[in-house]
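Now for the letters of each chain:
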Amino acid sequence: MAAELPVFGVPWPDLNDGIFYKDVVPPEFANCTLLEYYSSRYKDSASRHGWLWRINNGQITVDKMVVTSPNAVIRSGSILIYHRLPWKEPFAPFKLQILYEDNDILAVNKPVGLQVLPGGVFQQRTVLSQLQWRSTDRDHNSRSYLRSDRELSLFVPSPVHRLGRGTSGVLLCAISQIAKSKLAADFAFDSFASSRCIMAKRHISKTYRALVAGIISINEISIRHPIGRIPYPGVAKGLYAVSESGKQSQSNVKILWRSEEHNCTLVEVEILTGRPHQIRIHLAYLGHPLLGDPLYVSGGKPRENLCAQFLDTNQEQGDLADDGGFQKPVHAVPGDCGYQLHAHRLRFSHPVSDKEMEIIATLPPSLCTPDEVLTVQTRYSVWNKRKVNRLPPSG
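Residues numbered from 1 in each chain as written. Predicted model: local features only at pLDDT ≥ 70, side-chain atom pairs only at ≥ 80, totals over all residues. Heavy atoms only, no water.

Q: Help me out: how do you make sense of the overall build of the chain in this one?
A: When its secondary structure is counted, the chain shows eight helices and 19 strands. A buried classification covers 44% of the 395 residues belonging to the chain. For the chain, contacts bridging at least 24 residues in sequence account for 66% of all contacts bridging at least 6. Within the structure as shown, the chain displays about 21300 Å² of accessible surface, and the carbon and sulfur contribution to it stands at 53%. (Helix = DSSP H or I, 4+ residues; strand = E, 2+ residues; numbered from the N terminus. Buried < 20%, exposed > 50% of the residue type's maximum accessible area, 1.4 Å probe, protein only. Contact = heavy atoms within 4.5 Å. Areas by Shrake-Rupley, 256 points an atom, 1.4 Å probe, with all protein chains shown as cover.)

Q: Where do I start with empty space enclosed by the protein in this structure?
A: By rolling a water-sized probe across the atoms, one finds the places where empty space is left. Applying the stated criterion to the full structure yields one cavity of 30 Å³ or more. Of the volumes computed, that of the largest cavity is approximately 30 Å³. Taken together, His161, Val170, Lys206, Thr207, Tyr208, Ala343, Arg345 and Leu346 make up the full set of residues lining the largest cavity. Elements that contribute at least two residues to the lining of the largest cavity include exactly β10 (204-213) and β18 (341-349). Here the residues of the lining of the largest cavity are counted per class, giving four nonpolar, two polar and two charged. (1 Å grid on protein atoms, 1.4 Å probe; cavity = no way out; pocket = protein on both sides within 12 Å on 5 of 7 lines; lining within 4 Å. Points joined across faces, edges and corners; volume = space filled by probe spheres on them. Nonpolar A, V, L, I, M, F, W, Y, C, P; charged D, E, K, R; others polar.)

Q: Just to check I follow, could you spell out the pairing of β18 for this structure?
A: Looking along a regular strand, one sees side chains alternate from face to face of the sheet. Counting buried positions along β18 yields eight of nine residues, so the element is predominantly enclosed. Relative to β18, strand β9 (residues 168-174) is paired through two bridges, and the arrangement is parallel. Residue pairing in the sheet places Gly169 in a bridge with Ala343 of β18. Judged from the seven bridges that link them, β10 and β18 form a sheet pairing that is antiparallel. Pairing of Arg209 across the sheet is with His342, part of β18. Hairpin connection from β18 to strand β19 (residues 356-360): six residues lie between these consecutive antiparallel strands, with Asp354 at a positive phi of about 65 degrees. (Pairing = 2+ DSSP bridges.)

Q: Is there a simple way to think about the sheet that holds strand β2 (residues 19-24) in this case?
A: Backbone-to-backbone hydrogen bonds pair the strands of a sheet. The strands run either parallel or antiparallel. Read from one edge of the open sheet, four strands run β2-β5-β3-β4, paired in antiparallel fashion. Each edge of the open sheet carries a strand with a single partner, namely β2 and β4 (65-66). Strand direction decides the pairing type here: strand β3 (residues 60-62) and β4, joined by two bridges, are antiparallel. Bridged to Thr61 within β4 is Val66. In this fold helix α1 (residues 34-41) packs onto β2, β3 and β5 (79-84), with an angle of close to 65 degrees to the strand it touches most, β5. (Axes fitted to C-alpha atoms, helices over the stretch in contact; angles between N-to-C directions.)

Q: Just checking my understanding: could you explain the pairing of β9 for this structure?
A: Of all seven residues that make up β9, seven are buried, and the element is covered over most of its length. In this sheet, β9 lies alongside strand β7 (residues 105-110) in antiparallel orientation, the contact comprising six bridges. Counted as the bridge partner of Val108 is Leu171 from β9. Pairing of strand β8 (residues 158-159) with β9 involves two bridges; the strand directions are antiparallel. Across the sheet, residue Pro159 finds its bridge partner in β9, namely Cys173.

Q: Would you mind showing me how to read the environment of Leu52 here?
A: Take Leu52: it is sitting in helix α2 (residues 48-56). Residue Leu52 is classed as partly exposed on the basis of its relative accessible area of 27%. A sequence separation of 14 residues divides Leu52 from Tyr38, and the C-alpha atoms of the two residues are 9.1 Å apart. When sequence neighbours within four positions are dropped, the list of residues in contact with Leu52 reads Leu35 and Pro70.

Q: Explain the packing of aromatic side chains to me, please; I cannot follow it from the model alone.
A: For any pair of aromatic rings, geometry is given as the distance between the ring centres together with the angle between the planes. This structure, assessed with the given rule, holds nine aromatic pairs. Ring geometry for Tyr38 versus Trp51: centroids 4.7 Å apart, planes at 25 degrees, classification stacked. With Tyr38 in helix α1 and Trp51 in helix α2, this residue pair connects regions lying 13 residues apart in the sequence. We classify Tyr38 as buried; its relative accessible area is 2%. For Trp51, a relative accessible area of 1% puts it in the buried group. One residue, Arg54, lies across the ring of Trp51, its end atom 4.4 Å from the ring centre. (Phe/Tyr/Trp six-rings, centres within 6.5 Å; stacked < 30°, edge-to-face > 60°. Lys NZ or Arg CZ within 6 Å of the ring centre and 35° of its normal.)

Q: When you look at the confidence of the model for the chain in this model, what are you seeing that I'm missing?
A: Keep in mind that low pLDDT regions are not for reading the predicted coordinates in detail. A residue-level look at the chain finds 80% of positions with pLDDT of 70 or above and a mean pLDDT of 85. Here residues 142-148 is a poorly scored stretch, pLDDT under 50, and it has six contacts once near neighbours within four places are set aside; other chains count. (pLDDT = per-residue confidence, 0-100.)

Q: Looking at this model, I keep getting lost on the side chain of His350. Mind explaining?
A: Tracing the backbone shows His350 in the loop between β18 and β19. Overall, the relative accessible area of 5% leaves His350 in the buried class. Among the polar contacts listed, one links the side chain of His350 to the backbone nitrogen of Ser353, at a separation of 3.2 Å. Residues contacting His350, with those up to four places away along its chain left out, are Asp102, Asp104, Ile105, Lys355 and Met357. (Polar contact = N/O pair within 3.5 Å; in protein donor to acceptor, adjacent residues only side chain to side chain.)

Spelled out as structure tokens, the structure:
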């Protein structure tokens, strides 16, 4: 039985540090009031009344001076800073399993529920924060404490691709600068491959496991349908979904097991492009959304009733959050969990040695075939018997 893989992680503080948003006033906003500036430019963040609350609360500075008058006139070139107050972020796991590590790269097994990079309500409870804390702790306990803060920042591992918050599995991070540059270029090539070069030599191979609703009758299928942004309330730049005007995308699906009893199908998916939420969208487009997916339904688009629910509740007169922003209604967004998706295998060329690498994250039981479950159970049974046999005699 192989030794257990190392794990790292620090429990989250109760509150995060808040966020500071910096603006330089453009010429077209010269001589307008502070309230007019924020309520017109950032109306997706809060209503006019919400921005008034933030200004009165002293959360905005103009050229390093706190301004509490909403009628204060601002000048072109002035530096505005809005401080979003610290808040308690939703629950997120904090432990990460190390799958592989050397001087240039680090691969971890990301758990379900942990966001990779800061965004939305998760600004601190992210993989990136844990990587930074681990790097700082190691540097302070080694000779590298002689480096400057700027030098230390160059050696903090950074994710070179993303996994959805509800997706588990292999997440690759770069440590050295050469690894960051090389892997960023390789992932960019695969993520933004056009229809003409999808079948060209690819630098990265990504294989996932997923559990989908319904029975897929065909054993293998290639889904090629463009993915792009569509308008969606609450997502400022739009939601990724099937879109004829989107970018060409391809997912190759292989059926591993069908359960007539539970009306679901276990699939292996290799993605040849890397669009956001590609697997969720493509399988939903096929008519078999991921089991438990709170957002995407058959057709590859979001539930219509969710959009309506948002529009009905997120209004100017709605409740305000603690710092004056909109109180988010209960509705599905891309970061919500509940679906079954695991980044099982990642193949790539090592950015420095050029060695062919294969990183595998152990499958969760819910994404194993019955034969795989039996194999794992047998291995553990044999291992436990060996442990018993190795015990010293009592007395």
